[in-house]
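Report on the structure
The primary structure of each chain is shown beneath.
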Amino acid sequence: VSILASVIDSVRGYGRFVERQVRQARTDARFRGQLMRRWRSLHAGIATTTTPTGLVLPRLALPQTDEPAEVARYLFGEGPPGEFPYLNGAYREMYLEQSELKTEEPTRLFAGLGLAEDSNARFHFLTRQQRTFRLSTAFDGPTLYGVDSDHDGVFGKIGEGGVAIDTVDDMQRLFDGFPLDDTRFSASMTINAPAPILLAMYVAAAKRRFGPGVVARLRGTVQADVLKEVQAQNEIIFPLEASLRFLTDMVEFTTQHMPRWYPISISGYHIAEAGATPVQQAAYTLSNGFTYVQLFRERGLDVNRFGPRLSFFLDCGLDVEYLALARVCRKIWAVGMRDALGADAGSQLFKLHTQTSGRSLVAHEFQNNLTRTAIELMLACANATNSVHSNSADEPFTTPSERYVRLAAHAQAVLLEESGLFKHMMNIFGGSPGMQILERELQRAILDEFAEIDRLGGVLAAITHRYQRSQIQAAAHRYESQIYDGTRPIVGLNRYRGDDESQSLPEVHVVRTPRKKKQLQVERVKRFKKRHARQAGRALDALATVVDTGGNVFAELIQTVEHCSLGQITARLHELVGHYRPSV
Amino acid sequence: MTAKHTPIRVLTAVPICDGHDSAINTINLELIHAGVEVIYLGYHRSARDIVRAAIQEGVRAIGISSYNGGHVEFFAEVIDLLRRRGANDVGVFGGGGGTITPSDERLMRRKGVDRIFFAGTPLDEMTQFVRTTYATPRRRARASKRAEDPDQRLARLLTTLKPSAATARGLPLRGRSARKRPRVIGVTGPGGAGKTTLIDELVLRSLGANPAAQIAILSHDPSIVGKGALLGDRATMIYSQDDRVFMRSLATRGHAGGLASVTRRCLDVLRADGRFDVIFVETVGIGQESAPFGSDQVDRTVFVMSPAYGSRLQLQKIVMLDVADVVVVNKSDLAGAKTAVSELRQRFGRRATTKHVLATTASRHGDPGVDELLRLVMTS
């Protein structure tokens, strides 16, 4: 039985199990007695909190019922936050103030611009008043595609849209002054095709500053999700088979030597940004996730060792599905991992980072983007996301300026700290009739998508049939047509258009990397190559031997990056494994 | 569209280190529906690749969709390369949602960009712009004293060809001293068998084997009835985007049988050019009864199929199996490949010794089956 077929069976089977519990609660007095004792003790264990206005509230909102069948439906079908199947949340208390159980600081600080020292300065600016350092890095185009800043034709792109990293020296500059060995620090890197090389640079840079013992203490995430690159984002450089081998090598290494690292962030964000519907986003992301689990297991890795190091990344837009999409994903992942893959509790959690939708932002009357992002932020928190990033209103034009980055970060503080929506009671929205209807419909639609992918032979076979790509493209085309024919309202664009004045594009402050800095980066990488010219050839040969003999490429890369630039490494790997061939 | 009007040919692409293809995919479709033939080069493409393709394809304009920054430099580089190669008659337009600001746009217009579309421009406005601005060829400013770019000269000649004339004799070819007699290899087979990938892998090997090799590719895609065409082979043929490869994409424009009505004349011109060692001709995906190549057109024919042809009975119906010099079962990593090869050998019976049946997996880097195919078509 294929992996997706067994996930579908296990989720449907779990639904039948819940129905049996509901019937038993009605008919079996002993079972009913146990159930209601559990229900009362759950209630009894909930502390209270007092709002600033003097209202006393429970810290966890539960369905207001003592009807045994309904209690069974809730406890088994949804589960309180932190309990299987985790529909209401991965953890018991998440955004509550003064929580001792607080496991996550939901705010992530995303940056990446110019050269390494510019991003470093931005990181220091953003963390000035923060208790923790949760840094998230964007890279420029050349880095994302694994080419150096002195590569032919990329000059204009150096440091645009993200930071330019060519060498381990750049990586060291990027995190200069931050305590990489501290448990309060984490570094997240939005990098995919060359992720093993960039993480190797990070490890090598950390070792330089903190010694070899630091490796086991490093904390952070690399995105490294090559399946979604092939399906949506197109930042892939090696053939898929080779890409998956390099990824699996990295996962094998981090599972053994970097227990605090998340070596992959299984991402629906870019799938949604490329035009997928919310259901497609969820279905492709989850099916990719199950496929990775299967690949890593085929390598001989233990699902209970790497399972807890998988994390997810979803988009949150304005469509109604987003009120419950991540909740349903959490349940399907938990049931599938437990019942189809035999994973234990630590591997059943769908740990989620959410970002508000970049695609929903509009250039016209762009201040409306503040409102759009605020609503999306609220939807994301209604889904009990573990962490969230809110976009800046000026992103339709530019790498966010400091002014709008600050407003975006403050939006989270306004929602979680100023407003009383999430800080007093956990699960404030869960269980509403609308939410439950959405959950039922979304689960059905996601399983239907699984079945379609399974009919094509699974995720990898569906990719060769261009299935996911064509579905995403069709959805994107429909979305655009709806904007143009007005059936999808966009305020300021196809509705409530202002006068000509407000229609003209604003002259916002655009963040660009000056020519001089670009030249500096080109000189830096040239100097690095010159300085290491003698050792580079030998280092690349050693890497090639590891690739050819089936050794762990990631372990070798940690050595290679000492003498070779990103572009030198990818060029050698291309010789060995070829180039990715796009499917149009 | 009436027969009198030759469709406008436009090249579209996304710049190097940029994978944002959502907008360009939508715009490609709109242009095709408006009757334009779109040669799509794909994403993550250098200015050099874009300009080379535009010149070889003889397009009237290049459309660039850039979302990853650096657009001022990138568009300028494209225009500069066009000018340096004597192709200043090729227009350049583009867009980038909100990433291209009004002040960028002013700067880019000054550097020679015809038009930048901002976020929220109706798709109709874009297609209308292309149809009116590039309705007729632009006059080329006087070229410099340097000799004309050889790709440019060849491409212009191909553009002027009319299907009516029977041969290319007497065509104004100013060839160079070293004249080569190219081997012409016709590649055909049903859609989805992997012809394009296979040719690209053959090109990679040919370029690698001989540092002086020059290759031409004539590739065909179907026109949509009453509309334009999407000519997308270049986006997949990554190794063929090379200064030593001349590629021309043709839309069938209603011509049946897998080729275009001008194919024969294009082949004559490419053959007569004198610099190519090999010419690959790729047909559109064909049906069982088609035999697209006349025996005088190509030196070798390769029929490419996937293992999924259905029952053994289906093999009896495929005309090309009798005509082709080499039959390739591509995607040999799929289940059923072994069965396919042995059923084919059985079908040929005693002729099996002269007929070559090969299994390849063109999508696999360094596939030995493709090595063998190159040897067969080049030496036998």
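Before reading on, note that the structure itself is shown above.
Bear in mind the structure is a predicted one, so any value in this text is a computation, not a measurement.

Some details on the overall build of chain A
If you tally the helices and strands in chain A, you get 23 helices and eleven strands. A globule of 584 residues ought to have a C-alpha radius of gyration of about 25 Å, and chain A, at 24 Å, matches this closely. Dimensions of chain A, computed from C-alpha atoms along their principal axes, come out at roughly 80 × 65 × 45 Å. The 584 residues of chain A split such that 60% are buried.

Here's the deal with the sheet that holds strand β4 (residues 91-95) of chain B
Backbone-to-backbone hydrogen bonds join strands into a sheet, with any given pair of strands oriented parallel or antiparallel. Residue and element names in this part refer to chain B. In space, the six strands of this open sheet follow the order β5-β4-β3-β1-β2-β8, with parallel pairing throughout. Each having just a single partner strand, β5 (115-117) and β8 (229-231) make up the two edges of the open sheet. Within this sheet the neighbouring strands show an average axis-to-axis angle of 20°, counted without direction. In this sheet, β4 lies alongside strand β3 (residues 61-65) in parallel orientation, the contact comprising five bridges.

Quick word on the interface of chain A and chain B
Taken together, the contact between chain A and chain B spans 41 residues of the former and 46 residues of the latter. Taken together, both faces of the contact between chain A and chain B bury some 3,300 Å²; the carbon and sulfur share is 56%. Scanning the region where chain A abuts chain B turns up five salt bridges. Elements that contribute at least two residues to the side of chain A that touches chain B include exactly α5 (141-144), α8 (226-233), α18 (467-485) and α23 (566-577) of chain A. Broken down by element, the side of chain A that touches chain B gets its largest block of residues, six residues, from α18(A). Looking at side-chain class alone, the side of chain A that touches chain B contains 19 nonpolar, twelve polar and ten charged residues.

Comments concerning the packing of helix α2 (residues 47-57) of chain B against helix α6 (residues 150-160) of chain B
Residue and element names in this part refer to chain B. Relative orientation of the contacting elements α2 and α6 amounts to 35°, with a least axis distance of 7 Å. In this structure, α2 uses R52, I55 and Q56 to contact α6, whose residues at the interface are D151, Q152 and A155. A breakdown of the residues in the contact of α2 with α6 according to their chemical character gives two nonpolar, two polar and two charged.

Structural notes on the nonpolar core
Membership of the largest hydrophobic core comes to 205 residues, with the highest contact counts inside it found for F175(A), L199(A), Y202(A), F290(A), Y292(A) and F450(A). Of the residues forming this core, the biggest block, eleven residues, is contributed by helix α7 (residues 195-210) of chain A. Counting residues in hydrophobic clusters, the runner-up holds 26 residues, among them V187(B), M247(B), V370(B) and L373(B).

Details of the pairing of strand β6 (residues 183-188) of chain B
Residues and elements named next belong to chain B. Among the six residues that make up β6, five are buried, leaving the element largely enclosed by the rest of the structure. Sheet topology places β6 next to strand β10 (residues 278-282); five bridges connect them, and they run parallel. Residue V187 lies in a different strand from β10, and its bridge partner there is E282. Strand direction decides the pairing type here: β6 and strand β11 (residues 300-305), joined by four bridges, are parallel. By the bridge assignment for β11, V187 is matched with V302.

What to know about the pattern of salt bridges
Counting across every chain of the model gives 59 salt bridges over all chains. R173(A) is the salt-bridge partner of D170(A), the closest N and O atoms lying 2.8 Å from each other. In this pair, D170(A) and R173(A) both sit in helix α6 (residues 168-174), three residues apart, roughly one turn of the helix. With its nearest N and O atoms 2.7 Å apart, the salt bridge here joins E37(B) to R253(B).

Description of unusual backbone geometry
Here the bond from F84(A) into P85(A) is cis, since omega is 0°, no more than 30 degrees from zero. Relative to the elements of secondary structure, P85(A) occurs in the loop between α3 (68-77) and β3 (109-111). A positive phi is found at Y86(A), a non-glycine position, where the angle reads about 65°. Residue classification places Y86(A) among the buried residues on the basis of a relative accessible area of 8%. Within the chain, H44(B) stands out as a residue other than glycine whose phi angle is a positive 55°. Here H44(B) is to be found in the loop between β2 (37-40) and α2. A relative accessible area of 25% means that H44(B) is categorised as partly exposed.

Observations regarding the sheet that holds strand β11 (residues 387-389) of chain A
Residue and element names in this part refer to chain A. The strand order β8-β9-β10-β11 describes an open sheet built from four strands, whose pairing is parallel. Across the chains shown, the open sheet's two edge strands, defined by having one partner strand only, are β8 (264-267) and β11. Pairs of neighbouring strands in the sheet enclose a mean axial angle of 25°, with direction left out of account. Relative to β11, strand β10 (residues 352-356) runs parallel, the two being bridged by three bridges. Note on β11: the bridge partner recorded for T354 is V388.

Considering the packing of aromatic side chains
Residues and elements named next belong to chain A. Here the structure, examined in full by the defined rule, presents 32 aromatic pairs over all chains. Judged by centre distance (6.5 Å) and plane angle (20°), the ring pair of F31 and F76 falls under stacked. With F31 in helix α2 (residues 29-44) and F76 in helix α3, this residue pair connects regions lying 45 residues apart in the sequence. Owing to a relative accessible area of 15%, F76 belongs among the buried residues under this scheme. Look at F178 and F185: their rings are 5.9 Å apart centre to centre, the planes differ by 35°, and that puts the pair in the tilted class. Among the residues examined, F178 registers a relative accessible area of 1% and is labelled buried. An aromatic cluster is present here, built from F123, F133, F175, F178, F185, Y202 and W261 joined pairwise through their rings. Taking the ring centre of F76 as reference, the NZ or CZ of R38 above it sits at 5.8 Å.

Observations regarding helix α9 (residues 263-273) of chain B
Residues and elements named next belong to chain B. Listed as buried for α9 are T263, R265, C266, L267, V269, L270 and D273. On its buried face, α9 sits against α6, β6, β7 (215-221), β9 (245-251) and β10. Positive backbone phi, approximately 90°, marks G274, located one or two places after α9.

Topic: helix α22 (residues 553-560) of chain A
All names here are of chain A. Buried residues dominate α22, accounting for six of its eight residues. Buried residues in α22 make contact with α7, α9 (240-257), α21 (533-549) and α23. Capping of α22 at its N-terminal end is provided by N552; its side-chain oxygen lies 2.9 Å from the backbone amide nitrogen of F554.

About the criteria used
- Residues numbered from 1 in each chain as written.
- Chains lettered and ligands numbered in written order.
- Predicted model: local features only at pLDDT ≥ 70, side-chain atom pairs only at ≥ 80, totals over all residues.
- Heavy atoms only, no water.
- Helix = DSSP H or I, 4+ residues; strand = E, 2+ residues; numbered from the N terminus.
- Rg over C-alpha atoms; globule rule 2.2 N^0.38 Å.
- Buried < 20%, exposed > 50% of the residue type's maximum accessible area, 1.4 Å probe, protein only.
- Pairing = 2+ DSSP bridges.
- Axes fitted to C-alpha atoms, helices over the stretch in contact; angles between N-to-C directions.
- Contact = heavy atoms within 4.5 Å.
- Buried area = accessible area lost by both parts, 1.4 Å probe.
- Salt bridge = Lys/Arg side-chain N within 4 Å of Asp/Glu carboxyl O.
- Nonpolar A, V, L, I, M, F, W, Y, C, P; charged D, E, K, R; others polar.
- Core = buried A, V, L, I, M, F, W, Y, C linked by side-chain atoms within 4.5 Å.
- Phe/Tyr/Trp six-rings, centres within 6.5 Å; stacked < 30°, edge-to-face > 60°.
- Lys NZ or Arg CZ within 6 Å of the ring centre and 35° of its normal.
- Polar contact = N/O pair within 3.5 Å; in protein donor to acceptor, adjacent residues only side chain to side chain.

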